[in-house]
Amino acid sequence: MVLSMTGFGRGESVEHGRDITVEIRSVNSRYFEYTSRLPRSCNFLDAALKKQLNARISRGKVELGLTIQTIDAPDSTVRVNLDLARGYAKALREISETLDVKNDANATTLARMPDVLTTVCAETDEAQLAADVAAVCGMALDHFLAMRAVEGEKMKADVLEKLSSVENMVGEIEALSAGRVESYTSRLYERLKTLLADKTIDDSRILTEAALFADKTAIDEETVRLHSHIAQYRAILAMDEPVGRKLDFLTQELNREVNTIGSKCQDLDITRLVVNLKSEIEKIREQIQNIE
């Protein structure tokens, strides 16, 4: 299955009193690149989440976002040190009585005193939290890959259409190339006939020149390889695995063969086809840059 490298997926679920949301998005990249946005208290999950994503994503610049909201119990509790508060209250009374000043201390005043109120974070079962986040991440991954698959099928159809166009043009080049030696021989004979006037033309020399021309401009090997590359392209597109790197290599090979044909042939019609071929292959290259 062909997968796009661009995608988005979201998973959300309430697990053990926590509303957990995971979002995954990606753009093109030659390799797997991972970044994350996690609550500070969940940084210990980062390595496991990266591994979970990399197990199902081979290429792309992937960003994972995690948010967790506790809904059944507070994340932290406030504790009051009453003994310390009594001590502060007693000390304030002594100051008031000794210095003969008004004692306007109240609960708010005492609460602001150091260490009277302390915040205690609720204990977290890290193993349970890790399992819950992994489950929600799996949901997000499923949606993410489904979107990649839809986009990938569109790309596959487009590439196959362009491959058919390339194949047709290669066939046209083969047809034009088939008569190029006879055409060259005929032009050479007519030219010599004009130049030599009444003198006898050496047919063996013309055949030798034609043979040299045929050898120098032969493109049979290139067109055969092009057909082979196109067949491989179609076979790779049918694979159920990441294919982007393989297609990238084959695209380079397609370009190499077309460039060789262009350098060998001076025929105007073939040259036009070579230009069109390079344009179509470039469109294919741009498309496969988005394929995983």
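Conventions used here
- Residues numbered from 1 in each chain as written.
- Predicted model: local features only at pLDDT ≥ 70, side-chain atom pairs only at ≥ 80, totals over all residues.
- Heavy atoms only, no water.
- Core = buried A, V, L, I, M, F, W, Y, C linked by side-chain atoms within 4.5 Å.
- Buried < 20%, exposed > 50% of the residue type's maximum accessible area, 1.4 Å probe, protein only.
- Helix = DSSP H or I, 4+ residues; strand = E, 2+ residues; numbered from the N terminus.
- Contact = heavy atoms within 4.5 Å.
- Pairing = 2+ DSSP bridges.
- Axes fitted to C-alpha atoms, helices over the stretch in contact; angles between N-to-C directions.

## Here's the deal with the nonpolar core
- The biggest cluster of nonpolar side chains holds 29 residues, and the ones touching the most others in it are Ile173, Tyr233 and Leu247.
- Breaking this core down by element, the ones donating at least two residues are helix 4 (126-178), helix 7 (220-237), helix 8 (244-264) and helix 9 (268-288).
- When neighbours within four sequence positions are excluded, Ile173 is seen to be in contact with Ile219, Ile261, Ile270, Leu273, Val274 and Leu277.
- Judged by nonpolar contacts, the second largest core, of 22 residues, contains Ile20, Phe32, Leu64 and Leu66.

## Considering the sheet that holds strand 1 (residues 7-15)
- Taking strand neighbours across the sheet as the criterion, the four strands line up as 1-2-4-3 in an open arrangement whose pairing is mixed. With one partner strand each, in any of the chains shown, strand 1 and strand 3 (32-37) form the two edges of the open sheet. Across the sheet, the mean angle from the axis of one strand to that of its neighbour is 15 degrees, orientation sign disregarded.
- In terms of strand pairing, strand 2 (residues 18-27) meets strand 4 (residues 60-70) through ten bridges, oriented antiparallel. Following the sheet pairing, Arg18 is matched in strand 4 by Thr70.
- Along the sheet face, helix 1 (residues 46-54) touches strand 2, strand 3 and strand 4 and points at about 140 degrees away from the line of strand 3.

The values reported here are purely geometric and, on their own, carry no functional implication.
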